[in-house]
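Residue-level listing of the chains:
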Amino acid sequence: MHLPCPCCGPRDLREFTHKGADDYLRRPAPDAPPEAWDDYLHTRANPAGRTRDLWYHDPCGTWIAVTRDTVTHAVIGATGLEDAQ
Amino acid sequence: MRFNALRVLKEGLTGNRGWRPHWRKPAPKPEYDMLIIGGGGHGLATAWYLARNHGVTNIAVLEKGYLGGGNIGRNTTIVRANYFLPGNSEFYSHSLKLWEGLEADLNYNVMHSQRGLINLFHSDGQRDAFARRGNAMLAQGDDAILLGRDELRTLLPCLDYDQARFPIYGGLYHKRGGTARHDAVAWGYARAADARGVDLIENCEVTGITVNAGKVIGVTTSRGEIRARKVGIVTAGRSSQVATMAGLRLPIESHVLQAFVTEGLKPCLDHVVAFGMGHFYISQSDKGGLVFGGDLDFYASYAARGNLPTVEHVMEAGMTLMPMIGRAKVLRSWGGIMDMTPDGSPIIDRTPIDGLYLDAGWCYGGFKAVPASGWCMAHLMATDQPHPVARRFRLDRFATGELLDEEGTGSQHNLH
Ligand SMILES: Cc1cc2nc3c(=O)[nH]c(=O)nc-3n(C[C@H](O)[C@H](O)[C@H](O)COP(=O)(O)OP(=O)(O)OC[C@H]3O[C@@H](n4cnc5c(N)ncnc54)[C@H](O)[C@@H]3O)c2cc1C
Ligand SMILES: [Zn+2]
């Protein structure tokens with residue numbers, strides 16, 4: 001699997017650290033109810049098929065959101081995180 | 001069907017024409033008392049203990065493929081009770097005791113082999129941590145022996161003790177740990193449940209769960225509609241999808257875990273060895289193959305195969321630990337879909353929908369859990385009360401904060 005880093009181009013999987021689903025982009029307000037934090041931290045759509053998740057490119061320090069297929073491992077695209085939000 | 005030496009001899013001499021299938025192939029009835037979705041180890045064990053412990057036999061197990069085709073037939077077969085946290089500790093202890101009586105209970109040879117499991121440690125700090133874990137295991141009523149380097153050397157001469165990165169200081173020896181033949185576990189439970197009248201329905205994919213006024217009333221399947229007022233979701237890596245059919249979102253993310261086996265070798269490894277620092281563990285199968293694996297591929301996946309970086313990492317760790325492994329050829333590698341929870345512990349609980357139960361989140365440790373999980377899920381479905389040893393495996397523990405994070409790695413699905 002290669003992932004496209006907006007900064008460095010397509011790079012080998014070994015250079016990336018996986019964070020998790022893009023739910024991590026929707027951080028609740030500090031005073032949000034516990035259910036909102038539970039949802040943010042734990043509950044996942046966990047799709048078999050197209051998903052969007054967050055990766056960190058270790059060499060250049062860019063966070064990216066990758067759109068890919070969890071069944072075929074096909075990578076559809078990626079954006080840098082400032083743009084992704 | 002029963003096996004014995006005379007029968008094997010007779011069949012061998014007469015062309016093996018007398019063997020019959022272990023279980024019936026019934027067509028689904030329109031209605032059952034209870035349905036189990038998923039014919040893996042946990043689903044089959046649930047059916048067996050419902051019949052055996054609670055006398056509930058008007059039930060069906062619905063399996064989308066063939067029995068034993070999921071993770072139950074893909075794992076590396078390690079059985080152990082070396083957990084630390086209250087909640088996990090008593091559950092896995094109960095499971096190991098059930099393993100010890102399983103063959104007699106099912107009248108089936110599951111090749112349960114208590115060859116001993118050894119977890120290696122590589123520093124003074126790690127030795128202390130293992131001593132503490134060993135004490136917790138003893139306090140639970142199980143067994144643990146802390147071995148120093150010299151004692152370990154006599155048991156495991158083939159390891160490289162003086163590697164630069166992780167010199168081996170010793171190991172925690174869990175004598176009652178070991179392995180079992182994974183397929184036989186599925187077959188044994190299936191045959192026993194079938195003999196009590198449980199319908200095992202293969203090639204029957206559940207495509208919908210019918211809920212009326214907050215109560216489950218049945219399921220839709222590729223083989224028609226089936227009614228039941230109690231339905232258990234026991235679908236391991238596919239739990240999220242099946243739960244979605246009832247409108248539920250689970251605290252689960254599916255990840256791929258790979259494993260490997262070499263060509264058959266003469267006996268050279270008598271125990272299961274876990275090299276946690278290298279993310280590597282290994283045992284030798286009865287056929288002689290070295291069976292080994294490592295960690296997750298770390299990204300969400302439903303492909304029952306992994307990527308090369310993990311293969312490379314596992315091979316490197318194997319070479320570091322026991323250089324002799326480099327002489328053996330790898331025959332096969334494969335992957336299975338793991339239902340990872342954010343704390344690495346499972347869920348056996350009711351759901352917000354009346355009559356709908358969930359047994360999921362087994363991560364990569366669900367094989368050893370099969371007997372106790374079936375036992376506790378059957379108890380839950382039959383009595384509507386959690387079994388005492390599974391009472392902390394609650395679905396709402398993520399919201400209440402009562403997590404069971406055995407490894408203390410935090411709330412992220414791929415870190416356990
Ligand atoms: C490589 C690998 C190594 C492992 N090593 C170990 C180990 O050493 N020790 C250990 O304790 N554990 C280990 N595990 C974990 C263990 O195998 C699993 O946790 C356990 O088998 C999962 O439970 P199960 O047997 O019920 O799952 P499965 O066998 O996967 O059963 C789930 C079943 O549900 C069916 N299903 C899914 N969706 C539907 C539907 N819609 N309708 C009908 N049926 C459906 C599937 O077809 C499947 O047969 C390992 C796993 C893997 C992949
Ligand atoms: Zn980059």
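Below is a summary of the structure that appears in this document. (Residues numbered from 1 in each chain as written. Chains lettered and ligands numbered in written order. Predicted model: local features only at pLDDT ≥ 70, side-chain atom pairs only at ≥ 80, totals over all residues. Heavy atoms only, no water.)

**Notes on the overall build of chain B**
Then, in step 1: The helix and strand tally for chain B stands at 10 helices and 19 strands.
Then, in step 2: For a compact globule of 416 residues, the expected C-alpha radius of gyration is about 22 Å, and chain B comes in at 21 Å, within 12% of that figure.
Then, in step 3: Projected onto its principal axes, the C-alpha coordinates of chain B cover approximately 65 × 65 × 40 Å.
Then, in step 4: Counting the 416 residues in chain B, one finds 57% classified as buried.
Then, in step 5: Approximately 16,900 Å² of chain B is accessible, and the part contributed by carbon and sulfur atoms is 53%.
Then, in step 6: Averaging the coordinates of the 44 positive side-chain charges in chain B and doing the same for the 41 negative ones gives two points 6 Å apart. (Helix = DSSP H or I, 4+ residues; strand = E, 2+ residues; numbered from the N terminus. Rg over C-alpha atoms; globule rule 2.2 N^0.38 Å. Buried < 20%, exposed > 50% of the residue type's maximum accessible area, 1.4 Å probe, protein only. Areas by Shrake-Rupley, 256 points an atom, 1.4 Å probe, with all protein chains shown as cover. Lys, Arg positive; Asp, Glu negative; His and termini not counted. Charge placed at Lys NZ, Arg CZ, Asp CG, Glu CD.)

**Quick word on the overall build of chain A**
Then, in step 1: Helices and strands together make up the secondary structure of chain A, namely 2 helices and 6 strands.
Then, in step 2: Counted from the first residue to the last, chain A has its helices and strands arranged as β-β-β-α-β-β-β-α.
Then, in step 3: Its C-alpha atoms give chain A principal-axis dimensions of about 40 × 30 × 20 Å.
Then, in step 4: Within chain A, the fraction of its 85 residues that count as buried is 42%.
Then, in step 5: For chain A, restricting intrachain contacts to residue pairs at least 6 apart in sequence, the fraction spanning at least 24 positions comes to 42%.
Then, in step 6: As displayed, chain A has an accessible area near 4,300 Å², and 52% of this comes from carbon and sulfur atoms.
Then, in step 7: Computed over 9 positive and 13 negative side-chain charges, the separation of the two mean positions in chain A equals 4 Å. (Contact = heavy atoms within 4.5 Å.)

**What about the interface of chain A and chain B?**
Then, in step 1: Taken residue by residue, the interface counts 25 residues in chain A and 28 residues in chain B.
Then, in step 2: The contact between chain A and chain B buries some 2,200 Å² in all, and 47% of this surface belongs to carbon and sulfur atoms.
Then, in step 3: Across the pair A:Asp23 and B:Arg249 runs a salt bridge, and its minimum N-O distance is 3.8 Å.
Then, in step 4: Counting across the interface, chain A meets chain B through 17 residue pairs in polar contact (both at pLDDT 80 or more).
Then, in step 5: Listed by contribution, the elements that provide at least two residues to the side of chain A that touches chain B are strand 3 (16–21) and helix 1 (34–41) of chain A.
Then, in step 6: In terms of residue class, the side of chain A that touches chain B is built from 10 nonpolar, 7 polar and 8 charged. (Buried area = accessible area lost by both parts, 1.4 Å probe. Salt bridge = Lys/Arg side-chain N within 4 Å of Asp/Glu carboxyl O. Polar contact = N/O pair within 3.5 Å; in protein donor to acceptor, adjacent residues only side chain to side chain. Nonpolar A, V, L, I, M, F, W, Y, C, P; charged D, E, K, R; others polar.)

**Thoughts on the side chain of B:Arg176**
All names here are of chain B.
Then, in step 1: Topologically, Arg-176 is positioned in the loop between strand 6 (170–174) and strand 7 (178–179).
Then, in step 2: Polar contacts involving the side chain of Arg-176 include one to the side chain of Glu-100, which spans 2.8 Å.
Then, in step 3: Once residues within four sequence positions are removed from consideration, Arg-176 is found in contact with Leu-96, Lys-97, Glu-100, Gln-114, Gly-141, Asp-142 and Asp-143.

**Quick look at helix 3 (residues 89–106) of chain B**
Residue and element names in this part refer to chain B.
Then, in step 1: Its 18 residues give helix 3 an end-to-end C-alpha distance of 25 Å, which sits within 8% of 26 Å, the value for a rise of 1.5 Å per residue.
Then, in step 2: The sharpest bend along helix 3 comes to roughly 45°, located at Glu-100.
Then, in step 3: Along helix 3, the residues that are buried comprise Ser-89, Glu-90, Phe-91, Tyr-92, Ser-93, His-94, Ser-95, Leu-96, Leu-98, Trp-99, Leu-102 and Leu-106.
Then, in step 4: After helix 3 finishes, the residue Asn-107 shows a positive phi value of roughly 50°. (Expected span 1.5 Å × (residues − 1). Bend = angle between axes of the 7 residues up to and from the residue.)

**Here we look at the coordination of the zinc ion (ligand 2)**
Residues and elements named next belong to chain A.
Then, in step 1: Those donors, Cys-5 (SG), Cys-8 (SG), His-57 (ND1) and Cys-60 (SG), are the protein atoms that reach the zinc ion (ligand 2), and they lie 2.0 to 2.3 Å from it.
Then, in step 2: Bound by 4 donor atoms, the zinc ion (ligand 2) shows angles of 106 to 113° at the metal and therefore tetrahedral coordination geometry.
Then, in step 3: Written as a sequence motif, the donor arrangement for the zinc ion (ligand 2) is C-x2-C-x48-H-x2-C.
Then, in step 4: The partly exposed category is assigned to Cys-60, whose relative accessible area is 30%. (Donors = N, O, S within 2.8 Å, 3.2 Å for Na, K, Ca; no water. Tetrahedral: all angles 85-135°; square planar, octahedral: opposite > 155°, others 65-115°.)

**Overview of the site of ligand 1**
Residue and element names in this part refer to chain B.
Then, in step 1: Surveying the vicinity of ligand 1 reveals 38 residues, the closest of which are Gly-41, Glu-63, Asn-71, Thr-76 and Lys-368.
Then, in step 2: Between ligand 1 and His-42, the relevant distance is 3.1 Å, taken from an oxygen atom to a main-chain nitrogen or oxygen of the residue.
Then, in step 3: In the environment of ligand 1, an oxygen atom lies 3.0 Å from a nitrogen or oxygen atom belonging to the backbone of Ile-78.
Then, in step 4: Considering ligand 1 on its own, with 1,000 Å² of exposed area, one finds that the protein chains cover 95% of that surface.
Then, in step 5: Looking at the shell around ligand 1, the elements with two or more residues in it are helix 2 (41–54), strand 13 (253–264) and strand 17 (330–340).
Then, in step 6: Among the elements that take part in the shell around ligand 1, strand 13 stands out by supplying 3 residues, more than any other.
Then, in step 7: Across the shell around ligand 1, the residue classes tally to 17 nonpolar, 15 polar and 6 charged.
Then, in step 8: Both domain 1 (23–75 + 182–251 + 343–415) and domain 2 (114–173 + 253–338) contribute no fewer than three residues apiece to the shell around ligand 1. (Near = heavy atom within 4 Å. Domains from an automatic or database assignment.)

**Topic: the side chain of B:His182**
Then, in step 1: Here B:His182 shows up in helix 6 (residues 182–195).
Then, in step 2: When sequence neighbours within four positions are dropped, the list of residues in contact with B:His182 reads B:Ile72, B:Gly73, B:Arg74, B:Asn75, B:Thr77 and B:Phe367.

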